[in-house]
Amino acid sequence: MNEQEFVRTVAERTGLSRQEAADLTRATLETLAHRLSAGEARDLITELPEGLAEAVRRGTTDRIERFGHLDSVRRVAQRTMLKEEEADRGVRAVLALLREAISEKEFNDLMSQLGTDFSQALESAG
């Protein structure tokens, strides 16, 4: 799946414009990268198209941050100027689409680092 297809699908699933979906996708990946080890971020980057991989690179830090799904939604909403409910739908859509776009092993590794809170948010998204 290329970056345009990814963003178009996020837009379709969230009801946002393509530009809003593109901003939301990048903000979500950048925010989630704060939760990942450098090694996991590198692994994720190898499975993403370049534009999306760049968002993960920008968010990767030397220190893993600990925050839950709701805090990630607030961070994404602040970065994108979307309402929190729009950001919540978007974060869930990005996670669901990552499940489709990357290998099962990589997705499981990603979710193990994000934690139960994110898994529950994803499962409630369907």
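Check the entry above for the structure.
Since the structure is predicted, the reported quantities are computational estimates derived from the model, not experimental observations.

What follows covers the overall build of the protein chain. On a plain count of helices and strands, the protein chain comes out with eight helices and zero strands. Tracing the protein chain from N to C terminus, the helices and strands come up as α-α-α-α-α-α-α-α. Rg of the C-alpha trace for the protein chain: 13 Å, near the compact-globule value of 14 Å for 126 residues, within the 12% margin. Overall size of the protein chain, expressed as C-alpha extent along the three principal axes, is 35 × 30 × 25 Å. Per-residue burial over the protein chain gives 49% buried out of 126 residues.

It is worth spelling out the packing of helix H6 (residues 84-101) against helix H7 (residues 104-114) at this point. Between H6 and H7, the shortest axis-to-axis distance is 9 Å and the interhelical angle comes to 150°. Counting all contacts with H6, which are made through Leu 95, Leu 98 and Arg 99, the residues of H7 involved are Phe 107, Leu 110, Met 111 and Leu 114. When the residues that make up the contact of H6 with H7 are grouped by side-chain class, the tally is six nonpolar, no polar and one charged.

Right, let's get into H6. Over its 18 residues, H6 extends 25 Å from the first C-alpha to the last, a length consistent with the 26 Å expected when each residue adds 1.5 Å. Of the residues making up H6, those classed as buried are Glu 86, Ala 87, Asp 88, Gly 90, Val 91, Arg 92, Ala 93, Val 94, Leu 95, Ala 96, Leu 97 and Leu 98.

Rules behind the numbers
- Sequence order as written defines the numbering, with residues in each chain counted from 1.
- Restriction of local features to residues with pLDDT of at least 70 applies here, the model being predicted, together with a cutoff of 80 or more for giving and counting side-chain atom pairs; totals for whole chains, interfaces and linings are based on all residues.
- To get the side-chain values, take all heavy atoms of the structure and skip hydrogens and water.
- Per the convention used, a helix needs a DSSP run of H or I reaching at least four residues, while a strand needs a run of E reaching at least two, with both numbered from the N terminus.
- All radius of gyration figures rest on C-alpha atoms, and the globule criterion is 2.2 Å times the number of residues raised to 0.38.
- The buried label goes to any residue with under 20% of its type's maximum accessible area, the exposed label to any with over 50%, and the partly exposed label to all in between, with areas taken from a 1.4 Å probe on protein chains only.
- In this description, a line fitted to the C-alpha atoms serves as the axis of each element, helices being fitted only across the stretch in contact, and the angle between N-to-C directions of two axes falls anywhere from 0 to 180 degrees.
- Two residues form a contact once any of their heavy atoms are found within 4.5 Å.
- Each residue gets one label: Ala, Val, Leu, Ile, Met, Phe, Trp, Tyr, Cys and Pro are nonpolar, Asp, Glu, Lys and Arg are charged, and the others, such as Gly, are polar.
- To estimate the expected span of a helix, count its residues, drop one, and scale the result by 1.5 Å.

That's the geometry; what it means functionally is another story.
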